[in-house]
Amino acid sequence: MAQNLTYTRCSDYLIPDIQLSHTSDKPLGKYGRMRRAFLAENNPMLLDDMILTETLFPHLWEIDETAHRRVEQMISELLERNPAPDKATQQLAWAQHMNSLKAQAEEIVNAELIFC
């Protein structure tokens, strides 16, 4: 696993010329940031290993996408079990009901993220 690194001299220091193999401008969502914070607090060695092997951000993007899909699925399942009031006649009740369903779904997904 020996690597041939090149260095740049900066005054009295040699700084390695390190480049990331792939980069992306894709933003990291809420659940990806939560996963990174969880890893930093509970498993810093795994976090460091993932950073060094450049697998951290693909992992975080996958977690974020999966969690968002799961929230949408949970909202639709909860909506089937608890139908919302008529949106045309009761806008505030409909908004309150939908916000409640979204909060329930996010709470369930947050709990699942902690235990994965």
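Each remark here, short or long, concerns the structure printed above.
Residues numbered from 1 in each chain as written. Predicted model: local features only at pLDDT ≥ 70, side-chain atom pairs only at ≥ 80, totals over all residues. Heavy atoms only, no water.

A. Summary view of the pairing of strand E2 (residues 13–16). Taken together, the 4 bridges between strand E1 (residues 7–10) and E2 define a ladder with antiparallel strand orientation. Note that in E2 the partner of Arg 9 across the bridge is Leu 14. What sits between the antiparallel neighbours E1 and E2 is a turn of 2 residues, in which Ser 11 has the positive phi angle 65°. (Pairing = 2+ DSSP bridges. Helix = DSSP H or I, 4+ residues; strand = E, 2+ residues; numbered from the N terminus.)

B. Main features of the packing of helix H3 (residues 56–81) against helix H4 (residues 91–114). For the pair H3 and H4, the least separation of the axes is 9 Å and the interaxial angle reads 135°. With respect to each other, H3 and H4 are oriented oblique. Considering only the axes of H3 and H4, their crossing is right-handed. Residues Ile 63, Ala 67, Arg 70, Val 71, Met 74, Ile 75, Leu 78 and Leu 79 of H3 lie in contact with H4, whose contacting residues are His 97, Met 98, Leu 101, Lys 102, Gln 104, Ala 105, Glu 106, Ile 108, Val 109, Glu 112 and Leu 113. Tallied by class, residues from the contact of H3 with H4 come to 13 nonpolar, 2 polar and 4 charged. (Axes fitted to C-alpha atoms, helices over the stretch in contact; angles between N-to-C directions. Parallel < 35°, antiparallel > 145°, perpendicular 65-115°, else oblique. Left-handed = near helix turned anticlockwise from the far one by under 90°. Contact = heavy atoms within 4.5 Å. Nonpolar A, V, L, I, M, F, W, Y, C, P; charged D, E, K, R; others polar.)

C. Layout of the nonpolar core. Counting 12 residues, the largest nonpolar core is built from Tyr 31, Ile 63, Ala 67, Val 71, Met 74, Ile 75, Leu 78, Met 98, Leu 101, Ala 105, Val 109 and Leu 113. Elements supplying a minimum of two residues to this core: H3 and H4. Ranked by residue count, the leading element in this core is H3, at 6 residues. Val 109 has contacts with Tyr 31, Ala 67, Arg 70 and Val 71, leaving out every residue within four places of it along the chain. In this structure, Leu 39, Met 50, Leu 60 and Trp 61 belong to the second largest nonpolar core, which totals 7 residues. (Core = buried A, V, L, I, M, F, W, Y, C linked by side-chain atoms within 4.5 Å. Buried < 20%, exposed > 50% of the residue type's maximum accessible area, 1.4 Å probe, protein only.)

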